[in-house]
Amino acid sequence: TVHAMIYDRAELYYNKTAFTERGGGARSFGELMIDAHLAAGELDRLGLAGRPAAVTGQVDYATLAAMLGCLEAGCPLVPLDQGLGADKLCELITGCEIGTLLCGPGSVDIAVQAGQKLPGLKVVENVGEELIKSDVPAWNGLPPVDPAGPAFLFFNEDGAGAMLSHKNICAAIEAISSVRAVGSYTFLAPAVWGGAFDCIMGLLLPLWSGCGLIRRGEKRGRARTIAESGASALTCTSPRLRGLERSLWLRSEKKRGPLAASLARLTERLGGRAGAGKAMGRRVRSLIGGDLKFILCGGVWPDRESARLFSGWGIEVCSCYFTPECGPLAVFDPSFKKLVPLTDITVPSPVKDDFGELCVAGDRAPIGYFGGRTDFGEAFPTGDMGRITEDGALELRGRKKTALYGRDGELVFPEEMAEVILASRYVADCSITGRFDTKTADVLITAHITPDFKEVNTVLGEKYSPNRLRLFFNTVMERMAPSLPHRIHEFTLPD
């Protein structure tokens, strides 16, 4: 089980710092284990053991200890975004039959509203005082928890909930730690209770590896937050990594001298990307304090361009293919430029050229979806398309539901094209759509581009016409055309 896995490590690293609050208060692994036991005992005394528990708000030491206590008490944990609002929060709490709502810092007001609407809900406003008590009477222990039973329920933006068992979580942690040791780092903890990536990779993996966690606060991925924390590692999703990279790039531009700035503009006009070497690395490290050495990044579509840039700046990035239902499924090997599977991934029904929907079985397959399908037979369909190459590497193509079919059944994946376009410093965001052309029997691709106007202004100046902006992006798109896996017939810009 997840809590037993962490407790075993807590005994090994008993006196080592497990969590550091923003004020500097440090708590050891031994204290974390004891407080988690106390939280489990109090839940049992209140008659809440075995019922699902929700947690919302910022991540602090008390809610982290309570998380482990909930799992020990047989309470599946449901992290909920406080931005959902009281009505949506109540809807999910009622649907999941949640008995306890743990309030992290910053979530008390909305949790109180939920408690007023749901009289049967136990709202724990101050986890440190209400669950983790020094005067909790001794208890004889709780019934053993089924490893195949639910441990977490993660909801995504669409409202779908993925149910993961203790076996799922433990297998995911062991898989990523088998290829990348992280025990020498101190991690910046996630800001708030979020989804599967934040909980598995941002909290449980560092704890199991014996790493200390430092509370981040409200801001995510900001250079000042990283610098002030003194953390040597952090976890982030691919979009957050790209946002951090852009932020660091823009702030470092201000530190360049006039001659360096002129050379950079000349390089940009010639189609290059200036400053991605040692000088840029020194400016970036000065912005983030010099302590950050490692970033663990994951997503359904791993961001390799930003990872390459951070590596050039002296910050190692471990990029993995991560799904909310199965956790990390493959790790990108920069030496061989390929994704190395962390578990058995199969393609039972290839569509073309061995490409098809990727499926996972065994301990990495989730229990199912909340209110939906729970029996997946021999393989869980991830919804992602790809294939396993002859040398055992994973070739990821994109999402099944977004794939487009071109001439002669050619598969066109918007994710592949978006990855190339987003590598441009002048593009803040991009989406790809396609429509079938009856004349050519092919799919016509349109790229909907949101420019990064701060970057564009460095080349075009502060004032320019829409026509000049379009001509500029014509040049940008022509330069990246050879790198695109499929022709883009047109692009759009904001009005």
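Residues numbered from 1 in each chain as written. Predicted model: local features only at pLDDT ≥ 70, side-chain atom pairs only at ≥ 80, totals over all residues. Heavy atoms only, no water.

Attention now moves to the pattern of salt bridges. Proximity of charged atoms lets side chains of opposite charge pair with each other. In the structure shown here, the tally under the stated rule is 20 salt bridges. A salt bridge links Lys133 to Glu42, with the nearest nitrogen and oxygen atoms 3.7 Å apart. Separated by 91 residues along the polypeptide, Lys133 in the loop between α6 (127-130) and β7 (150-155) and Glu42 in helix α2 (residues 29-45) bring together distant segments of the chain. Judged by relative accessible area, which is 26%, Lys133 ranks as partly exposed. Between Arg242 and Asp303 there is a salt bridge, with the nearest N and O atoms lying 3.1 Å from each other. Here Arg242, found in helix α10 (residues 238-253), pairs with Asp303, found in the loop between β12 (294-299) and α13 (304-312); they are 61 residues apart in sequence, far enough to count as distant. Grouping residues by exposure puts Arg242 and Asp303 together as buried. (Salt bridge = Lys/Arg side-chain N within 4 Å of Asp/Glu carboxyl O. Helix = DSSP H or I, 4+ residues; strand = E, 2+ residues; numbered from the N terminus. Buried < 20%, exposed > 50% of the residue type's maximum accessible area, 1.4 Å probe, protein only.)

Another aspect to go through is the packing of helix α1 (residues 2-12) against helix α3 (residues 61-72). As a packed pair, α1 and α3 sit with axes 8 Å apart at the nearest point and diverge in direction by 125 degrees. What the angle tells us is that α1 and α3 run oblique. Residues Val2, His3, Ile6 and Tyr7 of α1 touch α3, and the partners they reach there are Leu68, Gly69, Leu71 and Glu72. Broken down by class, the residue content of the contact of α1 with α3 amounts to five nonpolar, two polar and one charged. (Axes fitted to C-alpha atoms, helices over the stretch in contact; angles between N-to-C directions. Parallel < 35°, antiparallel > 145°, perpendicular 65-115°, else oblique. Contact = heavy atoms within 4.5 Å. Nonpolar A, V, L, I, M, F, W, Y, C, P; charged D, E, K, R; others polar.)

As a rule of thumb, nonpolar side chains are buried together in soluble globular proteins. Ranked by internal contacts, the top residues of the largest apolar core, which has 72 residues, are Leu131, Phe152, Ile200 and Met201. Broken down by element, this core gets its largest block of residues, 10 residues, from helix α8 (residues 196-208). Counting residues in each nonpolar core, the second largest holds 27 residues, with Leu404, Met417, Leu422 and Val427 among its members. (Core = buried A, V, L, I, M, F, W, Y, C linked by side-chain atoms within 4.5 Å.)

In this section: α8. Among the 13 residues of α8, 13 are classified as buried, and the element is accordingly described as predominantly covered. In the segment just after α8, Gly210 is the residue with positive phi, at about 80 degrees.

Another aspect to go through is the sheet that holds strand β26 (residues 490-492). Pairing in this open sheet of three strands is mixed, and the strands run β24-β25-β26 from one edge to the other. Here the strands that pair on one side only, and so sit at the sheet edges, are β24 (427-437) and β26. Between one strand and the next, the sheet's axes are offset by a mean angle of 25 degrees, whatever the strand orientation. (Pairing = 2+ DSSP bridges.)

Residues of strand β5 (residues 100-103) alternate between two faces, with Thr100 and Leu102 on one and Leu101 and Cys103 on the opposite face, all of them buried. Two strands pair when backbone bridges link them, and strand β3 (residues 53-56) and β5 are joined in this way by four bridges, in the parallel orientation. Among the inter-strand pairings, Val55 is bridged to a residue of β5, identified as Leu102. Alignment of β5 against strand β6 (residues 122-124), held across three bridges, turns out to be parallel. Bridged to Leu101 within β6 is Val123. Regarding topology, helix α5 (residues 108-117) serves as the crossover connection from β5 to the parallel β6, and that connection is right-handed. (Right-handed = clockwise from strand over helix to strand, strands pointing away.)

Tracing the backbone through its elements, the reader meets Tyr321 in strand β13 (residues 316-323). Judged by its relative accessible area of 0%, Tyr321 is buried. It is 31 Å that separates the C-alpha atoms of Tyr321 and Arg22, two residues lying 299 residues apart in sequence. Within the structure, the side chain of Tyr321 is placed 2.5 Å from the side chain of Asp384, a separation counted as a polar contact. (Polar contact = N/O pair within 3.5 Å; in protein donor to acceptor, adjacent residues only side chain to side chain.)

For the rest of this paragraph, the subject is the side chain of Asp452. Within the secondary structure layout, Asp452 lies in the loop between β25 (442-451) and α15 (453-460). Sequence-distant contacts of Asp452, that is, excluding residues within four places in its chain, are made with Arg246, Arg425, Tyr426, Val427 and Ala428.

Attention now moves to α3. End to end, α3 covers 17 Å across 12 residues, agreeing with the expected 16 Å (1.5 Å per residue, within 8%). In terms of burial, α3 is largely enclosed, as 12 of its 12 residues are buried. For α3, the full list of buried residues reads Tyr61, Ala62, Thr63, Leu64, Ala65, Ala66, Met67, Leu68, Gly69, Cys70, Leu71 and Glu72. Trailing α3 by a residue or two, Gly74 shows a phi angle of about 75 degrees, which is positive. (Expected span 1.5 Å × (residues − 1).)

Evaluated as defined, the whole model comprises 10 aromatic pairs. With a centroid separation of 5.9 Å and an interplanar angle of 75 degrees, the aromatic rings of Phe155 and Phe370 are classed as edge-to-face. With Phe155 in strand β7 and Phe370 in the loop between β19 (368-369) and β20 (380-388), this pair connects stretches of sequence that are 215 residues apart. With a centroid separation of 5.0 Å and 15 degrees between ring planes, the pair formed by Tyr185 and Phe294 is classed as stacked. Taken together, the positions of Tyr185 in the loop between α7 (166-177) and β9 (186-188) and Phe294 in strand β12 put the pair 109 residues apart, joining distant regions of the chain. Overall, the relative accessible area of 0% leaves Phe294 in the buried class. (Phe/Tyr/Trp six-rings, centres within 6.5 Å; stacked < 30°, edge-to-face > 60°.)

All right, on to the confidence of the model for the protein then. Looking at the protein, pLDDT values average 87 and 92% of them are 70 or higher. Across the protein, the secondary-structure element scoring lowest on mean pLDDT is helix α11 (residues 258-269), at 53, and the one scoring highest is strand β1 (residues 17-20), at 96. (pLDDT = per-residue confidence, 0-100.)

Where strand β14 (residues 327-333) lies against strand β15 (residues 338-341), four bridges are found, and the strand directions are antiparallel. Considered in β15, the bridge of Asp333 is made with Lys338. In this structure, the hairpin formed by β14 and β15 is closed by a connection of four residues, where Lys337 is found at a positive phi of approximately 55 degrees.

Secondary-structure assignment places Glu490 in strand β26. With sequence-adjacent residues up to four places away left out, Glu490 is seen in contact with Ile445, Thr446 and Ala447.

Closest axis-to-axis distance for the α1/α8 pair is 8 Å, and the angle between their directions is 45 degrees. Taken together, the axes of α1 and α8 are oblique relative to one another. Between α1, through Val2, Met5, Ile6 and Arg9, and α8, the contact on the second element is made entirely by Leu204, Leu207 and Trp208. When the residues that make up the contact of α1 with α8 are grouped by side-chain class, the tally is six nonpolar, no polar and one charged.

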